[in-house]
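# Working through the structure, step by step
Take a look at the letters that make up each chain.
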Amino acid sequence: MAQHIKTDVDRPSDKILTTEGEKGSFILIIDDEPDICRLLQLSLVKHGYKVKYVHALTEGMQYLQQQQPDLLFLDIHLPDGSGLEALPAIKKKCPALPVITISAYDNGMEKQKALNAGASYFMAKPFNVTNLDELMSDMLRRK
């Protein structure tokens, strides 16, 4: 059965995709790499999640002031700031929000810093989307 994807587009970085029969959970992605955002978005939408992405930390922080997602993907290194440094403020505003940090730097120290700052999980780029639905279910179940 074909899956129908609907899109609402206000600006190139302000896309929200949803599917019919969705799970209802809303995911926000803050990452400056369009390909990573699109890969995550398409993979998550395929599993029934509503997804929005932004490419800047300031835009993501503004969005979090207006609406709290059910889960956040947060890049650690963004052009306008550090996701790692913003993480404590995000967790203070939204303590129950599961945050999955993503980074191209997977040296062990980055992962430990992210987890110590309040991240629920650390994903190294490039990543495999095969087990993404299982990870999402686990993160949202813990919430």
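Per an unreviewed UniProt entry, the recorded name for the chain is Response regulator, and the organism is Chitinophaga filiformis.

### Some details on the packing of aromatic side chains
Enumeration over the complete set of coordinates arrives at one aromatic pair. Seen in terms of ring centroids, Phe 26 and Tyr 63 are 6.1 Å apart; in terms of plane orientation they differ by 45°. Their pairing is tilted. Of this pair, Phe 26 sits in strand S3 (residues 26–30) while Tyr 63 sits in helix H2 (residues 57–66), and the two are 37 residues apart along the sequence. Taken as a pair, Phe 26 and Tyr 63 share a single burial class, namely buried.

### Some details on the pairing of strand S8 (residues 99–103)
Among the five residues in S8, five count as buried, and that is most of the element. Residues Val 99, Thr 101 and Ser 103 point to one face of S8 and Ile 100 and Ile 102 to the other, with burial holding for every one of them. Where strand S5 (residues 71–75) meets S8, four bridges bridge the pair, whose relative direction is parallel. Residue Asp 75 lies in a different strand from S8, and its bridge partner there is Ile 102. Examined bridge by bridge, S8 and strand S9 (residues 121–124) share four bridges and lie parallel to one another. From the neighbouring strand, Ser 103 faces S9, where its bridge partner is Ala 124. Between the parallel elements S8 and S9, the chain passes through helix H4 (residues 109–117) in a crossover that is right-handed.

Cut-offs and rules
Residues numbered from 1 in each chain as written. Predicted model: local features only at pLDDT ≥ 70, side-chain atom pairs only at ≥ 80, totals over all residues. Heavy atoms only, no water. Phe/Tyr/Trp six-rings, centres within 6.5 Å; stacked < 30°, edge-to-face > 60°. Helix = DSSP H or I, 4+ residues; strand = E, 2+ residues; numbered from the N terminus. Buried < 20%, exposed > 50% of the residue type's maximum accessible area, 1.4 Å probe, protein only. Pairing = 2+ DSSP bridges. Right-handed = clockwise from strand over helix to strand, strands pointing away.

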